[in-house]
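Summary of the model geometry
As a plain string of letters, each chain reads:
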Amino acid sequence: MNKIYLENGMDAVQATYHQSPLEEYNNNPFIQALPPLMNKQEIIENLAMPISFDETERDYDGAFRLHMVQRLYKLFQPLPRHLDVWNTTFALLYQGYISRNPFDKEYIRQRNQMGKEIINKCFDINNQSTFRTTASCATLIGYSGMGKTSSAQRVLNNIPQVIVHNEYKGESFNQLQLTHLTLQTPHSSSLKALTLQFFMKVDEILGTDNYKRNVSKNTSVDAMLPQMGQVANNIGLGLLVIDEIQHLQNRAIKQMMNYFVTLMNSFGVPILFIGTPAAYAIFQQEFRIARRVSGNGEISWNNMEHDKEFHFFLQSLWRYQWTRTYTPLSDEMVAVFYEHTQGVSDLIVKLFANVQVMAISTGKESFDISMVRKAAKEQFKLMQPMIDAIKSKNPYKMHRYEDLRKLEMDRQVQPVMQTAVSSIKVAKQPIAIKNPQPIKVTQEYVYKEDDIRFSYQKAIEANTIYDALVKQGYIDNMQHWIGGAGNVK
């Protein structure tokens, strides 16, 4: 694609149209101007971002090599989950444009009608039944430090954000196309702040004045939302990415979800939500959003297990060593790295960089198992409770940190809790039992040591149920509470 510059100095590309083997993707300039669909190998090649490295750099003075180590933070190694992000993003983008063909007469009529209603202030977002949208949404949810946002951004970097159209199939077509736009969920859960952010970012990228024309001091969100949708259609917005979705507060969830559903239903804009596991409750409360998410993609991004994927990721880092002496990657080293990072990619990179900095700074110029442990102990002090919680795989410990919860775990734990609550309610009713018979135990079960039933079984034998549960980390030790709540010894 030919790169051009807008009047505000921002980069854009001149539209080049591709013919697709899929008929539904042809005869639509918005889709045909996008990068062609790729196979698995092509996707990996486009995602990969190696960093500058030469073995001769190990001979440089330590002052320079300390800075070379910082290159590690720019390395991007594609993994299977990155392919999922790529395919989901392109599916949302392509499918969202199907019903918004700028040469489709029905779509043109709908846009004109919508524009007139907005001008006459009679636009009703709940009465747009004639426009059949193909927009949907997807979620990318997982642990902090797993690279969710950077991975999504890496995919979007392969899609020109601004495409300039001039002519399509011999017809004049002067159009700016904004393929994707990323917004940050406000900490205050303010819909107005999110809407204002939309107008400001569009103006910043395209050099337009939508904020000035559509926003005033007393303009309500209800008044701005139709304007937002109209602007999205005018600029051919392909995908809206909402990052840090977990910032939504309970009081704003329903209102915010109505807001997003309106964008998808009335204006046909697909949405990709990114957030930590704390966002699960948001989508579970709204069936309309959950239904759309389940249809187009739900990527759960937990930490890596101690398996081939983790070993591959560590191997991809390992050759980037700037210490004078190269340290081979042994099985024991792999095990130590997993022990101290629990498969969180950000921690893996940080530990590998910090241990090299330590080796260069101290003049040892090599590192071993003990130095890796020392670097982890010094650099991960604040994160140690979270790492220990992941390592324990204990639902009680992990639920203390909302961004460490696993979706699989939530689905397993919640029904058990609901059953327990139901049992408590039933137990409140007095039950008369005539001639009670002793319960016969026909089979003795043997449980694993990390099973709470194992702890309970041993505690029954020793008559120390409370102590056993405290020791295994299933409950907190409350001995420091003396004389009632609030009196701390």
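Analysis parameters
Sequence order as written defines the numbering, with residues in each chain counted from 1. Local features in this predicted model are restricted to residues whose pLDDT is 70 or higher, and side-chain atom pairs enter the listing and the counts only when it is 80 or higher, whereas totals over whole chains, interfaces and linings include all residues. The basis for the side-chain values is all heavy atoms of the structure; hydrogens and waters are excluded. Only rings of Phe, Tyr and Trp enter the pairing, Trp through its six-membered ring, and a pair is recorded when the two centres are within 6.5 Å. The plane angle decides the type: under 30 degrees is stacked, over 60 is edge-to-face, the rest tilted. Helix numbering and strand numbering both begin at the N terminus, where a helix is a DSSP run of H or I of at least 4 residues and a strand a DSSP run of E of at least 2. In this scheme, a residue with accessible area under 20% of its type's maximum is buried, one over 50% is exposed, and one in between is partly exposed, where area comes from a 1.4 Å probe on protein chains only. Any carboxyl oxygen of Asp or Glu that lies within 4 Å of a side-chain nitrogen of Lys or Arg is treated as forming a salt bridge with it. We treat two strands as partners when DSSP finds at least two bridges between them. Lines are fitted to the C-alpha atoms to define the axes, a helix being fitted only along its stretch in contact, and any angle between axes, read from their N-to-C directions, falls within 0 to 180 degrees.

Under the counting rule described, the total for this entry stands at 19 aromatic pairs. Judged by centre distance (4.9 Å) and plane angle (10°), the ring pair of Trp 86 and Phe 90 falls under stacked. In this pair, Trp 86 and Phe 90 are both assigned in helix α4 (residues 80–98), four residues apart and thus about one turn of the helix distant. The burial state of Trp 86 is the same as that of Phe 90; both residues are buried. Ring geometry for Phe 310 versus Tyr 338: centroids 4.9 Å apart, planes at 85°, classification edge-to-face. Residue Phe 310 is found in helix α13 (residues 308–318), and its partner Tyr 338 is found in helix α14 (residues 331–341); the two are separated by 28 residues along the sequence. Exposure remark for Tyr 338: the relative accessible area of 10% places this residue in the buried category.

Quick look at the environment of Gly 229 now. Relative to the helices and strands, Gly 229 resides in helix α9 (residues 221–234). For Gly 229, a relative accessible area of 0% gives the class buried. Sequence spacing of Gly 229 and Ser 266 is 37 residues, and the spatial spacing of their C-alpha atoms is 7.8 Å.

Evaluation of the coordinates by the stated rule reveals nine salt bridges. The partner of Glu 309 in a salt bridge is Arg 81, with the nearest N and O atoms 3.2 Å apart. With Glu 309 in helix α13 and Arg 81 in helix α4, the pair connects residues that are 228 residues apart, well separated along the chain. A salt bridge links Arg 213 to Asp 209; its shortest N-O distance comes to 3.0 Å. Note on Asp 209: relative accessible area 37%, which makes it partly exposed. Here the salt bridges do not stand alone but share partners, grouping Arg 65, Arg 324 and Glu 365 into one network.

Here the focus is unusual backbone geometry. A positive phi is found at Glu 244, a non-glycine position, where the angle reads about 55°. By secondary structure assignment, the location of Glu 244 is in the loop between β7 (239–243) and α10 (250–267). In this structure Glu 244 comes out as partly exposed when scored by relative accessible area, which is 26%. Located in the positive-phi region is Glu 365, a residue other than glycine, with phi close to 60°.

This part covers the sheet that holds strand β4 (residues 162–168). Taken in spatial order, the four strands of this open sheet run β1-β2-β4-β5, and their pairing is mixed. On the outer flanks of this sheet lie β1 (3–5) and β5 (171–178), each paired with one strand and no other. On average, each strand axis in the sheet is tilted by 30° relative to the strand beside it, whichever way the strands run. As defined by bridge partners, β4 adjoins β5 across six bridges and the pair is classed as antiparallel. The residue of β5 that forms the bridge with Tyr 168 is Glu 171.

By themselves, these figures tell us nothing about what the structure is for.
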